[in-house]
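The primary structure of each chain is shown beneath.
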Amino acid sequence: MAFSEFRPLDDKALIDYIKATPSLSSKLKNHLDDLTIKEVGDGNLNFVFIVVGSHGSFVIKQALPYIRCIGESWPMTKERAYFETVALREHGRLCPDHVPEVYHFDRTMSLIGMRYLEPPHIILRKGLIAGIEYPLLADHMSDYMAKTLFYTSLIYHNTTDHKKAVAEFCGNVELCRLTEQVVFSDPYKVSEYNRWTSPYLDSDAEAVREDNALKLEVAELKSLFCERAQALIHGDLHTDGHADEQNDRNAYKAWILRIIQNTWNLFHRKFIALWDANKDTGDAYLPAIYNNSELQQLVQDKFIKDLLHDTLGFGAAKMIRRIVGVAHVEDFESITDASKRAVCERRALELAKLLLKERRKFQNIGEVVLAVQQIQ
């Protein structure tokens, strides 16, 4: 069966596709008679199939020509699968321990085949909702962030290579425009796609739409998002947890706050270590100019502080959009009692507005954690 033009796959067509694709069938040692296929896509955009056989397994991700959680009324380019593949391969090269290997990519079918992390692995979000503590989370997350951000930035690249890389990803304009709309625009105006825990948060959603100070800050973040390409980021590295759901989770709340603090501090340390080890590369800070340790320290301190402020701003914007925008998160949605859910969401919304408006006042991540504790 030829797959010479795009079509969405179902289980049967997927088996035919695997049979016709050596880079996938070989991962199953060509044992294709006992496959189990499960469609598990809980995201907003794509089909995700888990394929398991007696001799191997993988994940198939197929981009649709529309936004899955809305339907065909909201078209979306399938080319996003190409950009995700390029990003995964680049990040996999830079940090192979923490990025799933890409086995196969088919641009016509907008399809990615990649490593399946079999049970007992679960999605981190589900683990956090369940209250599981992960002792290596901060170390692994900071490792991934430090390596992928440093090695795709101008601190490491020369401007020629950096602009070439940026030019490649400028083609990802539709998915970026979607982010512009759902993160930086829709929550701040009346939009048909916005939703929230009504009626409990009706006034909160209205307050967001009428907050001039908030809108000024969001405009600045949107400008940074659209106009400043500092490094290659995945754009979907996020999770939360039911830290607010019940009073008996105080120990877990404390653990989550420790993870936030440790992740940032470890990232800071690792990023600076990479910078120190590669002082003579990259066009951002030429050694002939930044030629003494005192100046180097000033430059690095300013860079990290600016990065913290950007991180707080974008993180806060994501929190707001997940509460009053189009796409929500399981962390809150799985709280079945709407009034209880609204209490948690309101607290998160208040924190997000504080972080967004006051982000430049925070000197370090410890101060951010204190602010979170005060809103608890």
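Scope of this entry: the structure provided in the associated data block.

Cut-offs and rules
- Residues numbered from 1 in each chain as written.
- Predicted model: local features only at pLDDT ≥ 70, side-chain atom pairs only at ≥ 80, totals over all residues.
- Heavy atoms only, no water.
- Helix = DSSP H or I, 4+ residues; strand = E, 2+ residues; numbered from the N terminus.
- Buried < 20%, exposed > 50% of the residue type's maximum accessible area, 1.4 Å probe, protein only.
- Lys, Arg positive; Asp, Glu negative; His and termini not counted.
- Salt bridge = Lys/Arg side-chain N within 4 Å of Asp/Glu carboxyl O.
- Pairing = 2+ DSSP bridges.
- Axes fitted to C-alpha atoms, helices over the stretch in contact; angles between N-to-C directions.
- Contact = heavy atoms within 4.5 Å.
- Left-handed = near helix turned anticlockwise from the far one by under 90°.
- Arc of directions from axis to C-beta.

**A short note on the side chain of Glu 345**
Inference 1: Residue position: Glu 345 is located in helix H13 (residues 338-358).
Inference 2: In this structure, Glu 345 is buried with no salt-bridge partner, the nearest side chain bearing the opposite charge being Arg 341 at 4.2 Å.

**Examining the sheet that holds strand S1 (residues 36-39)**
Inference 1: The strand order across the open sheet built from 5 strands is S1-S2-S3-S7-S6, with neighbouring strands paired in antiparallel fashion. Looking at the sheet topology across the chains shown, the edges are occupied by S1 and strand S6 (102-106). Taken over all neighbouring pairs, the strand axes of this sheet differ in orientation by 20° on average, direction set aside.
Inference 2: Helix-sheet contacts for helix H1 (residues 11-19) involve S1, strand S2 (46-53), strand S3 (56-63), S6 and strand S7 (111-114), and the interaxial angle to S2 is about 65°.

**Digging into the packing of H13 against helix H14 (residues 365-375)**
Inference 1: One way to put it is that H13 packs onto H14 with a least axis distance of 10 Å and a crossing angle of 145°. At the point where H13 passes H14, the crossing takes the right-handed sense. In this structure, H13 uses Arg 347, Glu 350, Leu 351, Leu 354 and Leu 355 to contact H14, whose residues at the interface are Val 368, Ala 371, Val 372 and Ile 375.

**Observations regarding helix H8 (residues 202-209)**
Inference 1: All of the buried residues along H8 are Asp 204, Ala 205 and Val 208. Angularly, the buried residues of H8 cover 100° about the axis, an arc narrow enough to put them on a single face.
Inference 2: Among the structural elements, helix H9 (212-227), helix H11 (293-324) and H13 are those in contact with the buried residues of H8.

**Comments concerning the environment of Asp 276**
Inference 1: Looking at where Asp 276 falls in the secondary structure, it is placed in helix H10 (residues 250-277).
Inference 2: A C-alpha to C-alpha distance of 9.2 Å links Asp 276 and Gln 296, two positions 20 residues apart in sequence.

That is the geometry; function is a separate question.
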